[in-house]
Amino acid sequence: MLAQDESETEQGDDSDPDIEIVVTGSRIQGAQVDDVLPVTVVGEDLIDAIDPASGDELFRAIPQAGAVNFNEQSTAGGVNGARGDIGSINLRGLGTGNTLMLINGRRMVLNPGFQTELFVPVVSPDTNTIVPGSVRRVEILRDGASAVYGADAVAGVVNTILRGGRTGGFLQANYRESDNIGLYSFSLQGGYGFDFADGRGNLTVNGHYFHENGVSASVRDYSRSSDLRPFLVGTDFEGDTQFDNRSINSPWGAFDIQGSSATSSNTTALRDDDFHLQPCSLFGPNGAADSDGRVIDLGNGICADNGGTIDRDIRYDLQGDRQLYSEKDRYSVQALASYELSDAAELYFEGSFYRSEFYREREQNTMLSAVPLGIEATAYWNPLGPTTLADGSANPNRVDNGIGSGVGAGGRALLLEDYRFVDAGPRQGSVDKDVYRMVLGLRGEIGAWDYDAGLLYSQANTNDLTRNRVSSTLVQDAINRTDETAYNPFNGGCFPGEGVNGANNGDCTPNSQAVLDTITTDVFRKGETTLALADFRVSNANVFAVPGGGVGVAAGVEFRRETFIDDRDPRLDGTITFTNAVNGDFFGSDVLGSSPSPDTSGNREVYSAFAEALVPVVSPEMDIPLIHELEVQLAARFEEFSDSSSALVPRAAVAWRPFGDLLLRGAWSQGFRAPNLIQINDEGTTRSNSVLLAPECVAEIIKGEEDDVPDCGTVGTIDFREGARTLDPEETESINLGVVFTPGFIPGLTITADYWQVEQDGIIGIFGNGNALLLDLVQRLQGSFNPNVLREAPDAGQLDLYAGTGINPAGDIIQILNPYRNLDRRTSEGVDIGLFYNFDTSFGTFDLQFNGARLISFKQEAGPDALPLFEDLNPLLAGIPELSLGDIAALQPTGFGELLEIDGRPKWRATGSVTWENGPVRVNVFGRYIDSFFDDSAQQDDTAELFPVDDWFTMNASISYTIENDGPLNDTRIRFGINNLFDEDPPIADESFGYYGSIHNARGRQFSIDIRKNF
């Protein structure tokens, strides 16, 4: 990876003098601006050393790229997430959507699926649509470039240059397999190009096919189980239950008895309206006889115990039903053509089609805690059902123990509050994606001016289909049937020692397939995004002369139209809804475990104009001491959005050579990121999430009902999010200061260092449920309340709870309002370091490259709405003697302060490569380092320290031999490589698969065999 003159970085086809070199960051054709700009170039040789199987693997190898939050290991969001064979880009870690991605200098269409980051919907192009074998090079401008390229170029620009202009062809086959886990992939690709019309035209066609088989999470010990405690032995977190991520939602259900006096001993021996099922053997060897008497024996070794939470020993292990890597197929075809109409005009065309097919299985869903199912008293399997069935016969399922007169002859209705329908089998997800892209352009010269005019249209479509989902309405109807065809949620799962994984996975007492067929359904989500663009730009590298040389100028206009459609299944979009059969509660989604999501669509038109100038102030010929060379770049861009406010942003950059070997460079720019179409057009989305009820929790601790904050637990709440056309673009200010040293006494050596800082203001977000309830606590301690937390009037019991606590009484939460708003401010800064050395010896050519990225700071400052959480919260909590320091630490706002080394933001990322080439033999070694950081989802109880995620270093090595003879195998290359040579596991983290899928990977040591034939 180089940040210097590109002529030193490119080999092979790119060394052809007829190939145009365009440096990302400037629109001035032919201007030598690469020294002014911090540009990283990933050429074909380095791509070969990285050996990526996908665009995602290629871009992850860039140290300046942050966490890849669109990835197949993400289990967040479910059907509301961006799923499928997808990767995203996140330069500087500033957030998905802050990096502009280009192909041959023009924008990429966004992926149709979106997902939430920090509770806000974000979008990104799909990096997997870029096939590494078709890439000539990738240019990364590591500086804000909104003044040149427009919206979204806050963190920088990634421009992928495709391979065109071929004369001849190639065929290439690759097979790679991970060591000992059965994960393999193979790919076939080829290309052919030829000149026509006496060399005035060229057509190049590339094709690619890729298949990966996918593997279960059981192939790795760290992803095999959701209980990660065995990996903590010998650490400060040994035995910490935060790492036991097995689910309390299991086939051992939790229920609530409805009606009056439900907690009375005259109703049940439980003396509690809440009860859960468990194996009777958990009480002891004598079963129910070993209990405290607050139990009902349901028979068949199953008991009902008081309380709504199942024991840890029978929690459900989600990993048993998950795939670590999914089965996937990718197809890609590209055509690039050019034709010289005259010596001064060339017509060009780019066309591509990409398709991916993705299949994945994961655990069956559970219920949202705020949306229970109603079990009527007459339900056939209800153990508190009536004494007789509808046909007058005795009810065989009504228990004969542990119930009193409070359960009359008519029985009692129940709520099913916690249950996982494991016997229905895993969810089966498939995501098919089609992406089209066409560009038609005309470029050439008019006098001394270069011009380029182009039309682009690109469209992406996804069909996300999940089979075997459970319908809330259908399963509630099935449970409430009055004969043996009813679904039975009272038969438990597996017992300890039973089945493959004991009580922690599977269901050893499943309902019949005939019954299961009546509760499941398929659920779809269809998405479409389009991008239509027309642009015209002119440039002249020498408009007029100044003492330092010719002044270069570029200017242009652009129009683009963006659209998106998010079409949800009728059971998600509010067409088919759910109503609880017992209490009449309504919910807008009928898909069990999924919040309602309305169909959403939107479009925008953007009109823009830019101008840029490169001014050589001092040239070497002027012979000025300590100013060998000095040049200045000035740029500005105006963009007008049809659905948001306009923006005018400038940029100024300077490059100063005190002497020939040393370059000092700096840049200042303003930038912006417009609200994405989802953030503007979301007319209202309801989400159900579990959250700590801060006012209630503090009151319970003061009254002695709970010992500490963790004992309070979390409760399911409903929040309502909506977009707004009043959202303003996020504004940014960027500074970049750098040095480039190319010592003449060591030919081929370049050393670079660049400091950068980005300030973002008005970041779009939501306040968040947790923060909203903390603010509600602050305001209730001050005698008021948070109006965005909608509550019912407090009942008598709640009035008693708050009496004498100093907290304004609070009723049950109806809903929390969380509109998208311009909220916070973020400041991040870091340093990029590069060392590049290319030299010849008598025994071959060596190429050494090092690229390091050091993150210095990443601070998130609260906006005005959150100031009470920083100015008032802690003094108020400190004045409550019943709260411990640990309680106060647990009642803090999230997402603010210094976030360096937190949640996937390591201080250091670096890559390095060594290439040796001698004749037909080539040897590559590539290393990648990711520094340690802290997982903020786990905190040590005694010290409040976050869990440390270890650093990670992997190395790739390969050797290739190219046959050079007069036979049919001439120009055939055979390559053998080993990726992750030392089989380094990803460091353990409190995450879904035991590691950060957005940072690390679980492929392990991977053997790669590649054969390529050029002709």
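Computed from a predicted structure; not experimentally measured.

A count of helical and extended segments in the chain gives 14 helices and 46 strands. For 1015 residues, the compact-globule estimate of 2.2 N^0.38 gives 31 Å, and the chain sits close to it at 31 Å. Seen along its three principal axes, the alpha-carbon backbone of the chain occupies a region of about 105 × 70 × 55 Å. The proportion of buried residues among the 1015 residues of the chain is 57%. Here the contacts in the chain between residues at least 6 apart in sequence split such that 74% fall between residues at least 24 apart. For the chain, the accessible surface area stands at approximately 38200 Å², while carbon and sulfur atoms represent 54% of it.

Let us look at the state of the cysteines. The final tally for this structure, using the stated rule, is 3 disulfides. Across the disulfide, Cys494 is cross-linked to Cys508 (sulfur-sulfur distance 2.0 Å). Because the sign of the S-S torsion sets the handedness, a value of about 90° for the bond joining Cys494 and Cys508 places this disulfide among the right-handed ones. With a gap of 14 residues between them, Cys494 in the loop between α5 (472-479) and α6 (513-516) and Cys508 in the loop between α5 and α6 connect regions that are remote in the sequence. Of the residues examined, Cys494 reaches a relative accessible area of 3% and is grouped as buried. Disulfide partner of Cys697: Cys712, at an S-S distance of 2.1 Å. Taking the sign of the torsion about the S-S bond as the criterion, the disulfide between Cys697 and Cys712, at about 80°, is right-handed. Of this pair, Cys697 sits in helix α8 (residues 694-702) while Cys712 is found in helix α9 (residues 709-712), placing the two residues 15 residues apart along the sequence. Summarising the burial analysis for this pair, Cys697 and Cys712 share the class buried. Each disulfide of the chain joins two cysteines, and with those cysteines numbered along the sequence the arrangement is 1-2, 3-4, 5-6.

Residue position: Arg922 is located in strand β41 (residues 921-930). Within the local environment of Arg922, its side chain forms a polar contact with the side chain of Asp45, the two groups lying 3.3 Å apart.

Across its 13 residues, helix α10 (residues 769-781) extends 18 Å between first and last C-alpha, which sits within 8% of the 18 Å expected from 1.5 Å per residue. Buried residues dominate α10, accounting for 12 of its 13 residues. Looking one or two residues beyond α10, the residue adopting positive phi is Gly783, at roughly 95°.

What follows is about the environment of Gly207. Take Gly207: it is sitting in strand β10 (residues 201-212). Residue class for Gly207 comes out partly exposed when judged on its relative accessible area of 26%. The sequence separation of Gly207 and Gly190 amounts to 17 residues, and the corresponding C-alpha distance is 5.4 Å. Leave out the neighbours within four places in its chain, and Gly207 touches Leu188, Gln189, Gly190, Ser332 and Val333.

Our focus in this paragraph is the pairing of strand β42 (residues 933-939). One face of the sheet, then the other: side chains in a regular strand alternate in exactly this way. Of the strand pairs in this sheet, β42 and strand β43 (residues 946-949) are connected by 4 bridges, and their pairing is antiparallel. By the bridge assignment, Asp935 is partnered in β43 with Phe947. Linkage of β42 to β43, two consecutive antiparallel strands, is achieved through a turn of 6 residues, within which Ala944 is found at a positive phi near 65°.

Our focus in this paragraph is the sheet that holds strand β14 (residues 295-299). Hydrogen bonds along the backbone pair up the strands of a sheet, which may run parallel or antiparallel. The 6 strands lie next to each other as β14-β15-β13-β12-β20-β19, forming an open sheet whose pairing is antiparallel. Every other strand in the sheet has two partners, leaving β14 and β19 (373-375) as the edge strands with one partner each. Across this sheet, the average inter-strand angle for adjacent strands is 30°, counted without regard to direction. Relative to strand β15 (residues 302-306), β14 runs antiparallel, the two sharing 4 bridges. By the bridge assignment for β15, Ile296 is matched with Ala304. Against the sheet, α5 contacts β19 and β20 (414-418), and its axis sits at roughly 15° relative to β19.

With that settled, consider the domain arrangement of the chain. In terms of domain boundaries, the chain breaks down into domain 1 (33-218 + 324-363 + 429-466 + 525-684 + 723-760 + 822-861 + 896-955 + 982-1014) and domain 2 (225-318 + 377-412 + 472-518). Computed over C-alpha atoms only, the centres of domain 1 and domain 2 are separated by 49 Å. With 25 residues of domain 1 at the interface, the matching set in domain 2 holds 17 residues. Contact with domain 2 buries area across many residues of domain 1, yet Phe947, Ile988 and Asp990 alone supply 26% of it, more than any other trio. Counting across the domain 1 and domain 2 interface gives 0 salt bridges. Our enumeration of links across domain 1 and domain 2 arrives at 8 residue pairs in polar contact (both at pLDDT 80 or more). Those elements that place two or more of their residues in the side of domain 1 that touches domain 2 are β25 (578-579), β42 and β43. Across the side of domain 1 that touches domain 2, the residue classes break down as 11 nonpolar, 7 polar and 7 charged.

Criteria and cut-off values
- Residue numbering note: each chain is counted from 1, following its sequence as written.
- Where totals are concerned, whole chains, interfaces and linings use all residues; where local detail is concerned, this predicted model gives features only for residues with pLDDT of at least 70, and gives and counts side-chain atom pairs only at 80 or more.
- To obtain the side-chain values, all non-hydrogen atoms of the structure were included, while hydrogens and water were left out.
- Put simply, DSSP marks the helices as runs of H or I at least four residues long and the strands as runs of E at least two long, and each gets a number from the N terminus on.
- For the radius of gyration, the atom set is restricted to C-alpha positions; the globular benchmark scales as 2.2 Å times the number of residues to the power 0.38.
- Relative accessible area decides the class of each residue, using a 1.4 Å probe on protein chains only: under 20% of the type maximum gives buried, over 50% gives exposed, and in between gives partly exposed.
- The contact definition used throughout considers only heavy atoms, calling two residues in contact when any of these lie within 4.5 Å.
- Here, Shrake-Rupley sampling with a 1.4 Å probe gives the accessible areas, and only protein chains in the shown set may cover a residue.
- Two cysteine sulfurs form a disulfide in these notes if their separation is within 2.5 Å.
- Two N or O atoms count as a polar contact when they lie within 3.5 Å, although within protein this holds only if one can serve as hydrogen donor and the other as acceptor, and sequence-adjacent residues are included solely when both atoms are side-chain atoms.
- A helix is expected to reach a length of 1.5 Å times the quantity of its residues less one.
- Between any two strands, pairing holds if DSSP finds at least two bridges.
- A fitted line through C-alpha atoms represents every axis, and for helices the fit uses only the stretch in contact; the resulting angles, taken between N-to-C directions, go from 0 to 180 degrees.
- Domain borders in the structure are assigned automatically or taken from a domain database.
- Defined here as a combined quantity, buried area equals the accessible surface (1.4 Å probe) lost by two parts on assembly, summed across both.
- Salt bridges are counted wherever a side-chain nitrogen of Lys or Arg sits within 4 Å of a carboxyl oxygen of Asp or Glu.
- Following the grouping adopted for this structure description, the nonpolar residues are Ala, Val, Leu, Ile, Met, Phe, Trp, Tyr, Cys and Pro, the charged ones are Asp, Glu, Lys and Arg, and the polar ones are all others, Gly among them.

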